[in-house]
Amino acid sequence: LHSTSRRQRQMCIRDRSISQTGSAGTSQSGLGVMEQFASALGLDNAQITYKTYQSGDRYPTDEYSISVPAKSGCKVVALEFEIKNNGSSQITANTSSKGVSIKLTVGDKTIAESATLLKNDILQLKNVSINAGSSYTAAAIFQVPESNISAISGATAVISVNGASIGTINIQ
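Small disclaimer: the values here were computed from a predicted structure and weren't measured.

Trainee: Which residues make up the side chain of Ser-65, and what values go with them?
Mentor: With respect to the element layout, Ser-65 can be found in the loop between strand E3 (58-59) and strand E4 (68-69). A residue is classified by how much of its surface remains accessible, and Ser-65, at 17% relative accessible area, is buried.

Here you go:
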């Protein structure tokens, strides 16, 4: 999108180990956080797993792809999720307008997910086909102030449906 961002020097991408809280626990409905997340997104027969995060000047980092550049004074943080189709037939993911939101708390800042036009934006998937037994990587994108980026390890992401929290993911 922005030719200057293609020329910008790429920042190191940091991968960290990740743990989930609540996914093994239960909620009012008796389902774990990630199961509720998949259900709220309308992804029947799918399993969502939080994989990793990436931070830098843009996401994705591929030189010739459409990407989300960091705003001035910020770094882009992408939380990556794997959507696995555990069913016996292809599923089509359409996740927009489902009332699901993700907020990232980094240090003293709570940041809502940025709406993007990326094909793999987990809350905006449109007609994404996932074959039986296959997986698809989707992401939630955040603009994190540079002053908070060092606190990304230890941040938390709260997943909500229609304003009610269904659980938290810890980033380490």
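Trainee: Please set out helix H2 (residues 33-40) residue by residue, giving values where relevant.
Mentor: Helical geometry note: an α-helix holds 3.6 residues per turn, so side chains three or four residues apart project in the same direction. In terms of burial, H2 is a largely internal element, six of the eight residues being buried. All of the buried residues along H2 are Val-33, Met-34, Gln-36, Phe-37, Ala-38 and Ala-40. One or two residues past the end of H2 sits Gly-42, with phi positive at roughly 75°.

Trainee: Could you give an account of the environment of Tyr-136, with specific residues and numbers?
Mentor: Among the structural elements, Tyr-136 can be located in strand E10 (residues 135-145). Judged by relative accessible area, which is 18%, Tyr-136 ranks as buried. Sequence-wise, Tyr-136 and Glu-82 are 54 residues apart; in three dimensions their C-alpha atoms are separated by 5.7 Å. In this structure, Tyr-136 is in contact with Phe-81, Glu-82, Ile-83, Lys-119, Asn-120, Leu-125, Val-128 and Ile-130, ignoring residues within four places of it in sequence.

Trainee: Provide a residue-level description of the nonpolar core, including the pertinent values.
Mentor: What tends to happen in soluble globular proteins is that the nonpolar side chains get buried as a cluster. Counting 40 residues, the largest nonpolar core has Phe-37, Leu-79, Phe-81, Ile-102, Leu-104 and Ile-122 as the members making the most contacts within it. In terms of nonpolar packing, the next biggest core, distinct from the first, is built from seven residues, Tyr-59, Val-68, Ala-139 and Ile-141 among them.

Calculation rules
- Residues numbered from 1 in each chain as written.
- Predicted model: local features only at pLDDT ≥ 70, side-chain atom pairs only at ≥ 80, totals over all residues.
- Heavy atoms only, no water.
- Helix = DSSP H or I, 4+ residues; strand = E, 2+ residues; numbered from the N terminus.
- Buried < 20%, exposed > 50% of the residue type's maximum accessible area, 1.4 Å probe, protein only.
- Contact = heavy atoms within 4.5 Å.
- Core = buried A, V, L, I, M, F, W, Y, C linked by side-chain atoms within 4.5 Å.

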